[in-house]
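Examining the three-dimensional arrangement
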Amino acid sequence: MTDWLTAAEWEAVRLSLRVALWATAVSLPFGIFVAYALARWRFPGREVLNIVVHLPLIMPPVVTGYLLLLTFGTQGPVGGFLDRVFGVTFAFRWTGAALASGVMAFPFLVRAVRLSIEAVDPKLEEAAATLGATRTWIFLTVTLPLIVPGILAGTVLAFAKGMGEFGATITFVSNIPGQTQTIPLAIDLALETPGGGARAARLAVLSVALAALALAVSEWVSRRVAARIGGRDA
Amino acid sequence: MLEVALKQDLPGFTLDVAFEAPAGLTVLFGRSGAGKTSIVNAVAGLSRPQAGRIVADGRVLLDTGAGIWLPPHRRRVGYIFQEGRLFPHMTVRRNLTYGARFAPAHTPREDMARVVEMLGIGALLDRRPGALSGGEKQRVAIGRALLAAPQLILADEPLAALDEARKAEILPYFERLRDEVSVPILYVSHAATEVGRLATSVVALKDGRVLRQGPAAEVLGDPAVLPAGAREAGAILVAHVARQHADGLTELEAGGVPLFLPRLDLAEGAPVRLRIAAHDVILSRHKPDGLSALNILPGIVAELRPGAGPGVMVALDTAAGRVLARITERSATAMGLAPGVALHAIVKSVSVAPGDVGGGPA
């Protein structure tokens, strides 16, 4: 099984999965919260928040990586603080790659979840309130179950983005085998190395396969959820 | 008992009402835009009125003067919405039980089995709302509101989205609700037939103000109360079944006056509410003779109210109760109608529509 990929290549695959999983898992609760706030609340600074969330989508990834370096680098205000107080380091570590992936994937997650929240009829939430449910209960028992398809779609998008993130990652945490060298960065290195073409091709095929698998799984789950909500007896 | 006083600026008009809803079913009756839904939403806590006070059985839900506004989840109202608003991702059973877990532990609650039986939804429990018909959804919505152990039930035009056949299917459930549930019910409607059949008391609204309030027969017998237009006007008579005749007619008695209707499948002595549409009544100064109509009620003109067109609404006090008749102004003048004049109201028995005959006490 392992002979068609070198140990270094497996390392890149494992690292990519780990980075994408952590990036997705950590950004998910924040993403749902921000999406809910943008969809349902009117507060000062809402437009600013909307723009900030979407900036990574529009800015050159290099700029996002550079800003992360300034903020979360060991010399940066946030990075320095986390390093001193909690011993959490982002610079040139896989955690940094996960952070870069999470930031780049965040707008995809928020957009998908926000759209599904906006599709939930607030009248259902009102109905739950008249039946005695508090805001938290309404969210957990009415809103959340109804936006599961949107959350799944957003999660898959975020995960795929995390697996494929390149520009911000290489700018922020460089290309270090075993720490920050995810599949895209390994492909990039292979392409720059004489005779690395076959290695690049193998990793590219694997990349496509992982993305297709993730999409298929999410489609299947979404269809099951949609069928349940649509009223067919489960 | 529910006491409501509200003042609220709304787009296009100002809501300024004060009324009381005693036990039983109180209908907020008025055209669309009269402020009915705004009132119900204020009672449910789904809106915040600028000024007002709402007290349900001594519990203050809203008092802007004292800075009290209970959020909807603490008001304990069972709200039956026009569109049902069932939770699409839950089975009927989970929809029904949703509210129960939030009700305080010691409150008396409806028995699930009894409610399911009363509404005839036993076969639907494991289905989801998407697989239900409009009428079934509305029955589940009634059950869901009821099982939340509410201290007050609100219904906002719960039949408006249904076709005539479904309306006829749901109306009896609201009658049972009115007769079997002890909490007050506030029911919004602009349909005169529903009001006639369901209301124990009526609050007639016009342009955000209370036109008249009181017992149903009294309010609907007032020719000034025509929220649904003169065409829809009609009075309510309270009768009971006197005897069944062999020729297929049922004899009712209202205030000592006999009334004949096509066969009603009710036992002798059973109470019946009749609604007599104003356009189904003919007036005569003399006791008519040789007429095919069976139902003739002698009475005294109480009030004449000219309408916008050539019509005039005549309110007639009879031994059976207040009857409204809509005739032309020309006839009224020719007959010399004025308050105090003795008349006979002629109602063709077949013109009492079956849909307007409801069981139950007034």
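Residues numbered from 1 in each chain as written. Chains lettered and ligands numbered in written order. Predicted model: local features only at pLDDT ≥ 70, side-chain atom pairs only at ≥ 80, totals over all residues.

A short note on the overall build of chain A
Our working rule: Under the scheme used here, helices are H or I runs from DSSP no shorter than 4 residues and strands are E runs no shorter than 2 residues, and both carry numbers assigned from the N terminus. In this scheme the burial state of a residue depends on its C-beta neighbours within 10 Å: 20 or more other such atoms mean buried, 12 or fewer mean exposed, and anything in between means partly exposed; the C-beta positions come from the backbone. Note on contacts: each residue gets a C-beta atom placed from the backbone, and two residues are in contact if those atoms are within 7 Å.
Regarding its fold elements, chain A presents eleven helices and zero strands. If you list the helices and strands of chain A from N to C, you get α-α-α-α-α-α-α-α-α-α-α. With the principal axes as the frame, chain A shows a C-alpha extent of 65 × 45 × 30 Å. The proportion of buried residues among the 234 residues of chain A is 38%. Summarising the internal contacts of chain A: among those between residues at least 6 apart in sequence, 74% fall at separations of at least 24.

Some details on the confidence of the model for chain A
Put simply, the rule is: A score from 0 to 100, pLDDT tells how confident the predictor is in each residue.
For chain A, the mean per-residue pLDDT works out to 89, and 96% of the residues sit at or above 70. When pLDDT is averaged over each element of chain A, helix H6 (residues 122-130) of chain A comes out on top at 95 and helix H11 (residues 197-229) of chain A at the bottom at 84.

Notes on the domain arrangement of chain B
How big an interface is tends to be expressed through the accessible area that disappears when the partners come together. All names here are of chain B. Here is the rule: Either an automatic procedure or a domain database provided the assignment from which the domain bounds are taken. Under the scheme applied here, ten amino acids are nonpolar (Ala, Val, Leu, Ile, Met, Phe, Trp, Tyr, Cys and Pro), four are charged (Asp, Glu, Lys and Arg), and all others, including Gly, are polar.
Assigned domains of chain B: these are domain 1 (2-226) and domain 2 (235-359). For domain 1 and domain 2, the distance between their C-alpha centres works out to 31 Å. Counting residues at the interface gives eleven residues for domain 1, matched by 16 residues for domain 2. Looking at the side of domain 1 that touches domain 2, its residues break down into six nonpolar, three polar and two charged.

Concerning the UniProt feature "domain: ABC transmembrane type-1" (unreviewed entry) in chain A
Put simply, the rule reads: UniProt positions are given in the numbering used here, feature names are shortened, and annotations may be inferred rather than shown by experiment.
The UniProt record annotates "domain: ABC transmembrane type-1" (unreviewed entry) at residues 13-216 of chain A. Annotation note: span residues 13-216 of chain A, helix share 80%, strand share 0%, distance between end C-alpha atoms 19 Å.

Points about the interface of chain B and chain A
In this complex, chain B contributes 22 residues to the contact, which on the side of chain A involves 19 residues. For the side of chain B that touches chain A, the residue count by class is 14 nonpolar, four polar and four charged.

Structural notes on the pairing of strand S3 (residues 25-29) of chain B
All names here are of chain B. Here is the rule: At least two bridges found by DSSP between two strands are what make those strands a pair.
Most of S3 is tucked away, with five of its five residues classed as buried. A two-sided burial pattern is seen for S3, the buried positions comprising Leu25, Val27 and Phe29 on one face and Thr26 and Leu28 on the other. Relative to strand S9 (residues 185-189), S3 runs parallel, the two being bridged by five bridges. Bridging from a neighbouring strand, leucine 25 pairs with isoleucine 185 of S9. Bridge analysis of S3 against strand S10 (residues 201-206) gives four bridges, and the strand direction is parallel. Residue pairing for S10: phenylalanine 29 is matched across the bridge by alanine 204.

Considerations on unusual backbone geometry
Residues and elements named next belong to chain B. The phi torsion at alanine 149 lies on the positive side, around 50 degrees, for a residue other than glycine. Position of alanine 149 among the secondary structure elements: in the loop between helix H4 (134-146) and strand S8 (152-156). Here the phi dihedral of aspartate 207 falls at roughly 50 degrees; this positive angle occurs in a residue that is not glycine. Here aspartate 207 lies in the loop between S10 and strand S11 (209-215). For aspartate 207, a count of 15 C-beta atoms within 10 Å puts it in the partly exposed group.

Comments concerning the sheet that holds strand S17 (residues 295-306) of chain B
Residue and element names in this part refer to chain B. Short version of the rule: What counts as an axis is a line fitted to C-alpha atoms, over the stretch in contact for a helix, and the angles between N-to-C directions run from 0 to 180 degrees.
One open sheet holds the five strands; their spatial order is S16-S20-S17-S18-S19, and the pairing between them is antiparallel. One side of each edge strand has no neighbouring strand; the edge strands of this open sheet are strand S16 (281-284) and strand S19 (321-328). When strand polarity is set aside, the average angle formed by the axes of neighbouring strands in this sheet is 45 degrees. Pairing between strand S18 (residues 311-318) and S19: eight bridges, direction antiparallel. Note on S19: the bridge partner recorded for valine 314 is alanine 325.

Observations concerning the nonpolar core
Cut-off, in case you're wondering: A set of buried Ala, Val, Leu, Ile, Met, Phe, Trp, Tyr and Cys residues, joined to one another through C-beta atoms within 7 Å, is what we call a nonpolar core.
In terms of nonpolar packing, the biggest core is built from 160 residues, with B:Val43, B:Leu154, B:Leu186, B:Val202, B:Val314, B:Ala325 and B:Ala345 touching the most fellow members. The element that contributes the greatest number of residues to this core is helix H5 (residues 94-118) of chain A, accounting for 15 residues. In this structure, this core is formed jointly by two domains, domain 1 (2-226) and domain 2 (235-359) of chain B, each of which donates at least three residues. In contact with B:Val314, other than residues within four places in its own chain, are B:Leu283, B:Val301, B:Leu304, B:Ala325, B:Ile327, B:Ala332 and B:Leu337.

Re the UniProt feature "transmembrane region" (unreviewed entry) in chain A
All names here are of chain A. Here the UniProt feature "transmembrane region" (unreviewed entry) sits at residues 20-39, 51-70, 90-110, 137-160 and 200-222. In this annotation, residues 90-110 is assigned 81% helix and 0% strand; the end-to-end C-alpha distance for the span is 24 Å. Overall, residues 200-222 shows 100% helix and 0% strand. The separation of its end C-alpha atoms is 33 Å.

Describing the environment of A:Trp137
Residue and element names in this part refer to chain A. Turning to its location among the elements, tryptophan 137 is positioned in helix H7 (residues 135-146). We classify tryptophan 137 as partly exposed; it has 17 C-beta atoms within 10 Å. Separated by twelve residues in the primary sequence, tryptophan 137 and glutamate 125 have C-alpha atoms spaced 9.9 Å apart.

What about helix H8 (residues 148-164) of chain A?
Since the α-helix advances by 3.6 residues per turn, residues separated by three or four positions end up pointing in the same direction. To keep things clear, this is the line we draw: Working rule for helices: expected span equals 1.5 Å times residues minus one.
In this model H8(A) runs 24 Å from its N-terminal to its C-terminal C-alpha over 17 residues, within 8% of the 24 Å that 1.5 Å per residue would give. Of all 17 residues in H8(A), 14 are buried, a share of seventy percent or more.

Focus on the pairing of strand S13 (residues 249-254) of chain B
Residue and element names in this part refer to chain B. The sheet contact formed by strand S12 (residues 234-244) and S13 spans four bridges and is antiparallel. Bridged to arginine 243 within S13 is glutamate 251. As defined by bridge partners, S13 adjoins strand S14 (residues 257-262) across six bridges and the pair is classed as antiparallel. The residue bridging leucine 249 from the neighbouring strand is proline 262, located in S14. Hairpin connection between S13 and S14: a loop of two residues separates the two successive antiparallel strands, and glycine 255 in this loop has a positive phi of roughly 55 degrees.

Observations concerning H7(A)
All names here are of chain A. We apply this condition: Our arc is simply the arc of the directions from the helix axis toward the C-beta atoms.
Here H7 contains twelve residues, and its C-alpha end-to-end distance of 15 Å stays within 8% of the 16 Å for a straight helix at 1.5 Å per residue. Among the residues of H7, those classed as buried are Val142, Thr143 and Leu146. End-on view of H7: buried residues confined to an arc of 85 degrees, all on one side of the axis. Residues of H7 that are exposed and point over 90 degrees away from its buried face: Thr136 and Leu140.

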